Amino acid sequence: MVLVAGIEFNYILAAFTLLLGILIAFLVRALVRWLASRAGETETYWDDIIIASFGTPVQVAIIAFFLYFALTWFGILPDSMAWIQDPNYVTSFYIIISAWILSTFLHSIIHIYGRRYAERSDTDLDDRLVELFELVIRYVIWFVAIMAILKVFEIDITPFLAGAGIAGIAVALAAQDLISNFFGGAIITVDKPFKVGDRIKVEDFYGDVISVGTRSTRIKTLDYQIVTIPNNKLTTNVIINYSEPDQKLRITIPVSVAYGTDPKRVKEILLEIARDAIKNTGYLLDEPAPTVFFTEFADSSLNFILRVWARKYNIPEEVKDAINCRIAERFAQEGIAIPFPQMDVHITK
């Protein structure tokens, strides 16, 4: 047994071997960084993908190889760690490194080329599919790698495969809302019942769409409150889109006058009011032209409706205010009474 400064020589050789491996790994790391910088100057992305896939795993493999060599070749491996020399562990290490390289390689291809393709389309469905594939590819490759390692050690993987199937069913059932929301978002993207910026009404919610996400859609109400609606609800409910096919909006204003008023004169006055509002406000369109209809003989009044077209869907209150103020002023000038509900009771003795 050769001693150097009281330390067995084979331990010194093992230490130098490990240091050599670490040094080589650092040199490889510097080379990878240099290659990555040069790859960034090229037009293709394949060199970036290959460098990203092999760079870190190769460095780890170098250190692991020199560590294994130092422990096994110089007789310093204690008996309690003799299991390291089992070829199955070496094979398992190769499987892990291979899975690491393959998963990184395929993930990089999907991330770079998939996203470049998705950016060319008008919808964000393919963006969501790219994100899904990026996540799935890693899980699939590592699951296969784990099954391969178990097979190397002659462990029956049938229960694991059955358990994975049951777990997959359980996960699918637990995540059915998430999945339905995801595909709901995809349906919204393809069918396009609305887009960001549109004003819509869903059930009792009325406001402007501010985002369409993977799981949900957010609208901002007229009270400036943010409402988050799951996408699967949007695909199963009636949606009113006030922004399509164009931004104009027809507004109906009910008008009541007292019995005894000339209906023809009321219709003339209401049309004059509408034309004045079109001319002197920026709220209304002259085409389609405003219309007036005498709709019914009510219990206490003659009822009419005035229909006008607002330039944009988001100003209905402004339009009603402009019209109603003019109606009140003009009816007062014309002596036309606006009735209130009343009941005449006649008592016969």
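Provided above is the structure to which this section pertains.
Just so you know, these numbers come straight off a predicted model, no measurement behind them. Every chain begins its residue count from 1, and numbering advances along the sequence as written. Under the rules for a predicted model, residues below a pLDDT of 70 receive no local features and side-chain atom pairs below 80 are neither given nor counted, while totals for whole chains, interfaces and linings still include all residues. Working from all heavy atoms in the structure, the side-chain values ignore hydrogens and water.

Chemist: Now, about the overall build of the protein chain: what can you tell me, with residues and values included?
Modeler: Under the DSSP-based scheme used, a helix requires at least four consecutive residues in state H or I and a strand at least two consecutive residues in state E, with every element numbered from the N terminus. In terms of helices and strands, the protein chain carries nine helices and 10 strands. We call a residue buried when its accessible area falls under 20% of the maximum for its residue type, exposed when it is over 50%, and partly exposed in between, using a 1.4 Å probe and counting protein chains only. Buried residues in the protein chain amount to 31% of all 349 residues. Contact definition: two residues touch when any of their heavy atoms are within 4.5 Å. Once local pairs closer than 6 in sequence are excluded, the contacts in the protein chain between residues at least 24 apart make up 65%.

Chemist: Go over the sheet that holds strand β9 (residues 291–297), please, and point to the residues and values.
Modeler: Pairing in this open sheet of three strands is antiparallel, and the strands run β8-β10-β9 from one edge to the other. Since the sheet does not close on itself, it has two edges, and those belong to β8 (249–257) and β9, each with one partner. Neighbour-to-neighbour, the strand axes of the sheet open up by a mean angle of 25°, direction not taken into account. The criterion for strand pairing is that DSSP finds at least two bridges linking the strands in question. When β9 meets strand β10 (residues 302–310), the two strands line up antiparallel, connected through six bridges. Bridge pairing in β10 places F294 opposite F304. Every axis corresponds to a line fitted to the C-alpha atoms, with the helix fit spanning only the stretch in contact, and the corresponding angles, defined between N-to-C directions, vary from 0 to 180 degrees. Where helix α8 (residues 263–280) meets the sheet, its contacts fall on β8, β9 and β10, and the angle it forms with β10 comes to roughly 20°. The strands touched by helix α9 (residues 316–334) within the sheet are β8 and β10, with β8 carrying the most contacts at an inclination of about 25°.

Chemist: Give a description of unusual backbone geometry that names residues and reports values.
Modeler: Going from E287 to P288, the amide bond is cis rather than trans, its omega being 0°. Locating P288 in the fold gives a position in the loop between α8 and β9. Phi is positive for E203, close to 55°, though the residue is something other than glycine. Along the chain, the position of E203 falls in the loop between β3 (199–202) and β4 (205–212). Under the relative-accessibility criterion, E203 is labelled partly exposed at 44%. Although it is not a glycine, Y224 adopts a positive phi angle of roughly 60°. Along the chain, Y224 falls in the loop between β5 (216–221) and β6 (226–230).

Chemist: Describe in detail the sheet that holds strand β7 (residues 239–241), supporting the description with residues and values.
Modeler: The antiparallel open sheet is built from five strands, whose spatial order is β6-β5-β4-β3-β7. The open sheet has two free edges, formed respectively by β6 and β7, since each of these has just one partner strand. Sheet twist, expressed as the mean angle between neighbouring strand axes with direction ignored, is 40°. In this structure, β3 lies alongside β7, joined through three bridges in antiparallel fashion. Residue V202 lies in a different strand from β7, and its bridge partner there is I239.

Chemist: Explain helix α2 (residues 46–73) residue by residue, including any values.
Modeler: Here the expected span of a helix is defined as 1.5 Å times the quantity of residues minus one. The end-to-end C-alpha separation of α2 is 39 Å, in line with the 40 Å expected for 28 residues at 1.5 Å each. Regarding α2, the residues found buried are I49, I51, S53, G55, P57, Q59, I62, F66, A70 and T72. Of the residues trailing α2, G75 is marked for its positive phi of about 65°.

Chemist: So what's going on with α8? Residues and values would help.
Modeler: Helix length check: α8, at 18 residues, gives a terminal C-alpha distance of 26 Å against a target of 26 Å (1.5 Å per residue), a fit within 8%. When α8 is considered as a whole, its buried residues turn out to be V266, I269, L270, I273, A274, A277 and I278. Looking at the buried residues of α8, the elements they touch are β8, β9, β10 and α9. Two N or O atoms count as a polar contact when they lie within 3.5 Å, although within protein this holds only if one can serve as hydrogen donor and the other as acceptor, and sequence-adjacent residues are included solely when both atoms are side-chain atoms. With a side-chain oxygen lying 3.2 Å from the backbone nitrogen of K264, the N-terminal cap of α8 falls on D262.

Chemist: Account for the packing of aromatic side chains, naming residues and giving values.
Modeler: Two aromatic rings from Phe, Tyr or Trp, using only the six-membered ring of Trp, form a pair when their centres are within 6.5 Å; if the ring planes differ by under 30 degrees the pair is stacked, by over 60 it is edge-to-face, and anything between is tilted. A full pass over the atoms with the stated rule returns seven aromatic pairs. Seen in terms of ring centroids, F294 and F304 are 4.7 Å apart; in terms of plane orientation they differ by 20°. Their pairing is stacked. Of this pair, F294 sits in strand β9 while F304 sits in strand β10, and the two are 10 residues apart along the sequence. Looking at F294, the relative accessible area reads 29%, which means it is partly exposed. Look at F304 and you get buried, because its relative accessible area is 1%. The structure contains a cluster of three or more aromatic residues connected by ring pairs, namely F65, F66 and F69.

Chemist: Kindly report on the pattern of salt bridges, identifying the contributing residues and their values.
Modeler: For this analysis, a salt bridge means a side-chain nitrogen from Lys or Arg found within 4 Å of a carboxyl oxygen belonging to Asp or Glu. Applying the stated criterion across every chain yields a total of seven salt bridges. Residue K195 is joined to D198 by a salt bridge in which the shortest nitrogen-to-oxygen separation is 3.3 Å. Owing to a relative accessible area of 4%, D198 belongs among the buried residues under this scheme. E272 is paired through a salt bridge with R330; the nearest N and O atoms lie 2.6 Å apart. Within this pair, whereas E272 is found in helix α8, its partner R330 is found in helix α9, the two being separated by 58 residues in sequence. The partly exposed category is assigned to E272, whose relative accessible area is 33%. One network of salt bridges, in which partners are shared, links R265, E268, E272, R330 and E334.

Chemist: Hey, could you go over the nonpolar core for me, with residue numbers and the actual values?
Modeler: What is meant by a nonpolar core is a set of buried Ala, Val, Leu, Ile, Met, Phe, Trp, Tyr and Cys residues, joined one to another through side-chain atoms within 4.5 Å. In this structure, L270, F304, V319, I323 and F331 are the most contacted members of the largest nonpolar core, which totals 26 residues. Listing elements by their share of this core, those giving two or more residues are β8, α8, β10 and α9. For this core, the leading source of residues is α8, giving seven residues. If we ignore the near neighbours within four places in the chain, the residues touching F304 are I253, P254, V255, V257, P263, V266, K267, L270, V292, F293, F294 and T295. Counting residues in hydrophobic clusters, the runner-up holds nine residues, among them I188, I200, V209 and L234.

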